[in-house]
Amino acid sequence: MERLIKAWQNSVRAFRRLSTSETAFQQELILLALALPAAWFLSNSWRGYWLLVGVVLLLIMVEVLNTGIEATCDAVSREFHIDIELAKDCGSLAVLISIMLALIVWGLAIVETLFGSPF
């Protein structure tokens, strides 16, 4: 149980730090706050609702991991190194892919709501 409590404390500390210092994380939290009610109006089922919310949570999770990668790379060295550049670029690519995924899922939900099911 102590391990779970420590993990919770570490997670809360990370959340506080990211929510006060990382602009991308702050923007994604705002996006989540907007997505929660918007998904309610766009979805026809609980499954659809949680798919829309879940894809935003996935984006936030990838952003958190990307921030961890960047922090680790910066702790190792602030000087240019090709492998560090690749690690940071891969983290950035993962965020971009998750943004594209979220846009596709939300775009399909909006199109379906406005024009009916395309399939």
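The structure this text deals with has already been given above.
Given the structure is predicted, the values throughout are model-derived calculations rather than measurements.

Peer 1: Quick question: what am I supposed to make of the overall build of the protein here?
Peer 2: The secondary structure content of the protein amounts to four helices and zero strands. Going from the N terminus to the C terminus, the protein shows its helices and strands as α-α-α-α. Computed over C-alpha atoms, the radius of gyration of the protein comes to 17 Å, more than 25% over the 14 Å expected from 2.2 N^0.38 for 119 residues, which places it beyond the range of a compact globule. Along the three orthogonal principal directions, the C-alpha set of the protein runs to about 55 × 40 × 25 Å. Within the protein, residue pairs in contact and separated by at least 24 positions form 58% of the contacts whose partners lie at least 6 positions apart. Carbon together with sulfur atoms contributes 68% to the accessible area of the protein, which is approximately 8,800 Å² in total. Side chains of the protein give 8 positive and 11 negative charges; the mean places of these two sets differ by 13 Å.

Peer 1: Mind showing me how you'd approach the nonpolar core here?
Peer 2: Soluble globular proteins tend to bury their nonpolar side chains together. Grouped together as the largest cluster of nonpolar side chains are 16 residues, with contacts concentrated most on Ala39, Leu52, Val55, Val56 and Trp106. Counting only elements with at least two residues in this core, the list comes to helix 2 (23-42), helix 3 (46-76) and helix 4 (82-115). Examining the composition of this core, we find that six residues originate from one element, helix 3, more than from any other. What leucine 52 contacts, discounting residues up to four positions off in sequence, is Ala39, Leu42, Ser43, Val105, Trp106 and Ala109.

Peer 1: Sorry, what's going on with the side chain of serine 43 here?
Peer 2: Its place among the elements puts serine 43 in the loop between helix 2 and helix 3. Within the structure, serine 43 has its side chain in polar contact with the backbone oxygen of alanine 39 (distance 2.7 Å). In contact with serine 43, other than residues within four places in its own chain, are Gly48, Tyr49 and Leu52.

Rules and cut-offs
- In this convention, every chain numbers its residues from 1, walking through the sequence in written order.
- A pLDDT threshold of at least 70 governs which residues receive local features in this predicted model, and a stricter bar of 80 or more applies before side-chain atom pairs are shown or counted, although totals over entire chains, interfaces and linings include all residues.
- The basis for every side-chain value is the complete set of heavy atoms in the structure, and neither hydrogens nor water enter the calculation.
- Under the scheme used here, helices are H or I runs from DSSP no shorter than 4 residues and strands are E runs no shorter than 2 residues, and both carry numbers assigned from the N terminus.
- Radius of gyration here is computed from C-alpha atoms only, and the compact-globule reference equals 2.2 Å multiplied by the residue count raised to the power 0.38.
- We call two residues in contact when some of their heavy atoms are within 4.5 Å.
- Only the protein chains shown count as covering a residue, and every accessible area follows the Shrake-Rupley method with a 1.4 Å probe.
- Charge assignment: positive for Lys and Arg, negative for Asp and Glu; neither His nor the chain ends contribute.
- The atom standing in for a charge is NZ when the residue is Lys, CZ when it is Arg, CG when it is Asp and CD when it is Glu.
- Among the buried residues, those of types Ala, Val, Leu, Ile, Met, Phe, Trp, Tyr and Cys that are joined through side-chain atoms within 4.5 Å form a nonpolar core.
- Exposure categories follow from relative accessible area, calculated using a 1.4 Å probe and restricted to protein chains: below 20% of the type maximum is buried, above 50% is exposed, and the middle band is partly exposed.
- Polar contact is defined as a pair of N or O atoms within 3.5 Å, subject to the rule that within protein one atom must be able to donate a hydrogen and the other to accept it, and that residues adjacent in sequence are counted only when both atoms are side-chain atoms.

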